[in-house]
Amino acid sequence: MLLLRSTVFQILFYSVTLVQMLLYLPVLLLPRKYGWWIPNIWAKSLVLLMRYIVGLKVEFRGRENLPSCGYIAAMKHQSAWETVGLIQLFPRPAFILKRELNWLPLFGWYTTKYDQIPINRGKRSEALAAMMEAAKEKIDDNRQILIFPEGTRRPAGAEPKYKFGIAHLYKKLQCPVVPIAHNAGVYWPRASFIVHPGTVIVEILPPIEPGLSPDEFYEKMVSDIETASNRLIEEARSEANPSPVLESIPAAKGV
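Just so you know, these numbers come straight off a predicted model, no measurement behind them.

Asker: Describe the sheet that holds strand 4 (residues 117–119), with residues and values.
Answerer: Spatial strand order, 1-7-6-2-5-3-4: seven strands in an open sheet with mixed pairing. Strand pairing shows two members of the sheet lacking a second neighbour, strand 1 (56–61) and strand 4, which therefore form its edges. In this sheet, neighbouring strand axes are inclined to one another by 25° on average, regardless of whether the strands run parallel or antiparallel.

Put into structure tokens, the structure is as follows:
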């Protein structure tokens, strides 16, 4: 049944995404301000599919920690889940993404229309300057910049490998950074077709305000996200029917 439910979910995941991209095409002709509901509706519809098809629910904690000004959301990256499930937290999100994604039919039309932050990985110095300028525009417009500081997905419980680039953004933009921890990798592991039932817990931690040195900020951000994520992994072990993925994750020390 787990394989069957995961198969149905994976098919519907892409089918619903395609149908919605086609359905909302007329909205692309309107001013951007009339379409910010699109990513929110898309994310919520897929979260509902997960809930009712594979039994994967979500619990959000700490919404009161989200600022009303422009800020950076620094999110733990364990799974495909957070690329969808966290979007509903942000009214006008801006992902930092590869510029090639803007060239994709349909999907790229939406990333371009809703003013994401594309980067050219082939020209590092120019890409960094362009990204900084675009990010500053988003913060000045009270938008939310969404970043996975590890760059790529890491298995739940694995040793973290955070990039230092977010510290440069923090120093340059002088805005709050909100660390976001979760345990999604316990239920939808990295590069896995199978999605396990349970409850993903997302913890929105207190913002790190401007004023720290880049090194101080980096150490605090990593500590905050990793401490909370490890605690949430251990909390998943207390479920009535814990995910079998936990069997391969050693218990976190000091939790």
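Asker: Outline unusual backbone geometry, listing residues and values.
Answerer: Positive phi, normally seen in glycine, also occurs at Asp-115, with a value near 50°. In this fold, Asp-115 is placed in the loop between helix 4 (107–113) and strand 4. Looking at Asp-115, the relative accessible area reads 26%, which means it is partly exposed. Phi angles above zero are rare outside glycine, and Asn-142 is one such case at about 60°. Along the chain, Asn-142 turns up in the loop between helix 5 (124–140) and strand 5 (144–147).

Asker: Which residues make up the packing of helix 6 (residues 165–173) against helix 7 (residues 214–236), and what values do they have?
Answerer: Close contact between helix 6 and helix 7 brings their axes to 9 Å; oriented N to C, the two are set at 125°. With respect to helix 7, the element helix 6 is oriented oblique. Crossing of helix 6 against helix 7: the hand is right-handed. In this structure, helix 6 contributes Ile-166, Ala-167, Tyr-170 and Lys-171 to the contact, and helix 7 contributes Pro-214, Phe-217, Tyr-218 and Met-221. Its residues assigned to classes, the contact of helix 6 with helix 7 comprises seven nonpolar, no polar and one charged.

Asker: Can you lay out the confidence of the model for the protein for me, pointing to particular residues and giving the numbers?
Answerer: The predicted model of the protein averages 93 in pLDDT, with 98% of residues at 70 or higher. Confidence, expressed as mean pLDDT per element, reaches its minimum in the protein at helix 5 with 86 and its maximum at strand 6 (residues 177–182) with 98.

Asker: Describe a nonpolar patch on the surface, with residues and values.
Answerer: On the surface, Met-1, Leu-4 and Val-8 cluster together to form a nonpolar patch covering roughly 310 Å² of accessible area. Tracing the sequence through the fold places Leu-4 in helix 1 (residues 2–23).

Asker: Give me the packing of helix 1 against helix 2 (residues 37–54): which residues, what numbers.
Answerer: The angle between the axes and the distance between the axes are what describe a pair of packed helices. Between helix 1 and helix 2, the shortest axis-to-axis distance is 10 Å and the interhelical angle comes to 160°. Compared by their axis directions, helix 1 and helix 2 come out roughly antiparallel. When you trace helix 1 past helix 2, the crossing you get is right-handed. Counted together, Arg-5, Ser-6, Val-8, Phe-9, Leu-12, Phe-13, Val-16, Thr-17 and Gln-20 of helix 1 and Ile-41, Trp-42, Ser-45, Leu-46, Leu-49, Met-50, Ile-53 and Val-54 of helix 2 form the full contact between these two elements. Tallied by class, residues from the contact of helix 1 with helix 2 come to twelve nonpolar, four polar and one charged.

Asker: Give me the lowdown on the nonpolar core, citing residues and values where you can.
Answerer: Core analysis: the biggest nonpolar cluster contains 41 residues, and Phe-9, Met-75, Trp-81, Leu-86, Phe-90 and Ile-180 have the highest contact counts within it. Among the elements that make up this core, the one with the highest residue count is helix 2 (eight residues). One finds Ile-72, Ala-74, Ala-134 and Val-177 within the second-largest nonpolar core, a separate group that totals 25 residues.

Asker: Explain the pattern of salt bridges to me, and be specific about the residues and the numbers.
Answerer: Tallied over the entire structure, the rule returns twelve salt bridges. Of the charged contacts, one joins Glu-234 and Arg-237 as a salt bridge, the two residues approaching to 3.0 Å between their closest N and O atoms. Judged by relative accessible area, Glu-234 falls into the buried class, the value being 18%. In the salt-bridge network here, residues are joined through shared partners; they are Arg-32, Asp-115, Lys-138 and Arg-143.

The rules we used
- Residues numbered from 1 in each chain as written.
- Predicted model: local features only at pLDDT ≥ 70, side-chain atom pairs only at ≥ 80, totals over all residues.
- Heavy atoms only, no water.
- Pairing = 2+ DSSP bridges.
- Helix = DSSP H or I, 4+ residues; strand = E, 2+ residues; numbered from the N terminus.
- Axes fitted to C-alpha atoms, helices over the stretch in contact; angles between N-to-C directions.
- Buried < 20%, exposed > 50% of the residue type's maximum accessible area, 1.4 Å probe, protein only.
- Parallel < 35°, antiparallel > 145°, perpendicular 65-115°, else oblique.
- Left-handed = near helix turned anticlockwise from the far one by under 90°.
- Contact = heavy atoms within 4.5 Å.
- Nonpolar A, V, L, I, M, F, W, Y, C, P; charged D, E, K, R; others polar.
- pLDDT = per-residue confidence, 0-100.
- Patch = residues over 30% accessible without salt bridge, like charges linked within 9 Å, V, L, I, M, F, W, Y side chains within 5 Å.
- Areas by Shrake-Rupley, 256 points an atom, 1.4 Å probe, with all protein chains shown as cover.
- Salt bridge = Lys/Arg side-chain N within 4 Å of Asp/Glu carboxyl O.
- Core = buried A, V, L, I, M, F, W, Y, C linked by side-chain atoms within 4.5 Å.

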